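Chain by chain, the residues run as shown.
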Amino acid sequence: CVCRRQSIPSLFGCLFAVLCLAVGAIAGKYSREMNDQKPSVDGKSTVEFRIAKLNQVWEKATRMQLPPVRQAELHSDLKIQEKDELQWKKSKAEGMDENGEREAKLRRGFNVILAKYGMDGKKDTRPLESNNLKDHDIREGDMFDDPRLDKLWNKAKSSGKFSEEEMQSLKREFQHHKDKISEYNIVMDTVSRTEGERNVISPLEGEVKQHVLHQKHTDLKDKMRDLNQGFERLRKLSHEGFSEDSEFKEPRVIELWEMAQRANLTGDELDSLKEELKHFETKVEKHSHYQEQLELSHQKLRHVEALGDNDHILRNQERYNNLAEKTREMGYKMKKHMQDLTSKISRKGLDRNEL
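Read on for an overview of the structure. (Residues numbered from 1 in each chain as written. Predicted model: local features only at pLDDT ≥ 70, side-chain atom pairs only at ≥ 80, totals over all residues. Heavy atoms only, no water.)

## Some details on the overall build of the chain
From N to C terminus, the chain includes 11 helices and 0 strands. Listed N to C, the secondary structure of the chain is α-α-α-α-α-α-α-α-α-α-α in terms of helices and strands. In the chain, buried positions account for 37% of the 355 residues. Considering only residue pairs separated by 6 or more positions, the chain has 70% of its internal contacts joining residues 24 or more positions apart. When the accessible surface of the chain is split by element, carbon and sulfur atoms take 52% of a total near 23000 Å². (Helix = DSSP H or I, 4+ residues; strand = E, 2+ residues; numbered from the N terminus. Buried < 20%, exposed > 50% of the residue type's maximum accessible area, 1.4 Å probe, protein only. Contact = heavy atoms within 4.5 Å. Areas by Shrake-Rupley, 256 points an atom, 1.4 Å probe, with all protein chains shown as cover.)

Structural data, given as structure tokens:
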């Protein structure tokens, strides 16, 4: 009898423990602990991302041995993609994105990343659409693989009106524009390929599918307009030089500021945004500095490895790993901040136009 009385609390205790484990397992599916990096199956490496396809891309990139700065950039792009996809999954579970528009944008973004880093399974033979000349041969002065940009750059370089520091700033401007041309061509190529697929976004039908297709072309038109405006700005800058009272120096920040000025914002809104852009520019400059340090650290590591001093190798490897991690982290924060600023300016401009 005593044994039976003692077994009842034990039984309830066991049942309670089982229930707790079950609830914990279900809740843990969405918990931070479950989403943190874990050792892989082989126990040798950690899982970088919560989404399997992003991990596959990252693992492929490490096998490809991309240059350190480019690898860090890829990591930042994948983190942004991960953030956007996880947000989309949550909103979809809440019944949003019924027409699949955000899903289509995410899929396109993922394809752009693959193409951007040469992992889309095809040789990068995309022409520079609007500026490509068939008889254009690569010469020593052709830094940007685009005849209009190269011509403008060589003219600015030989003009003698720019100091060494200003030439570095101008070079960043040209490189930024070159990257935008490349991105436009990748997006256009991606859109062309996905248009040929019949069920790109399920379960879109009829007018809804047509709407998404229209949105793709609208995005491309916007990118082309930005390219034209960017080139016009470069042309003016190359002829007139940098203005002493220029608000910003970094190309991405200048682009956001000009976008804000076209968005019909109030004076107070522009003043507030200007302060935020100053903080963002500091973040961009800091990230650029870390990229330079990472490249130097990588060169030093290769040099030390060639000498074969194990102690030196371990110390330099640790420094390089820390710098790589910091550069990736800062790259993600910078890109997220830029994403937020772009969205903020677009949203405010749209609200103002609707009023």
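## A few points about the packing of aromatic side chains
What the rule picks out here adds up to 5 aromatic pairs. Ring centres of F144 and F174 lie 5.4 Å apart, and the angle between their planes is 35°; on these two criteria the pair is classed as tilted. Of this pair, F144 sits in the loop between helix 5 (101–116) and helix 6 (147–159) while F174 sits in helix 7 (residues 164–195), and the two are 30 residues apart along the sequence. Residue F144 shares its accessibility class with F174, and that shared class is buried. Note on F248 and W257: the rings are 5.9 Å apart at their centroids and 70° apart in plane angle, and the pair reads as edge-to-face. For F248, a relative accessible area of 3% puts it in the buried group. Note on W257: relative accessible area 10%, which makes it buried. An aromatic cluster is built from F144, W153 and F174, whose rings are joined through pairwise contacts. Positioned over the ring face of F110 is K53, at 4.4 Å from the centre of the ring. (Phe/Tyr/Trp six-rings, centres within 6.5 Å; stacked < 30°, edge-to-face > 60°. Lys NZ or Arg CZ within 6 Å of the ring centre and 35° of its normal.)

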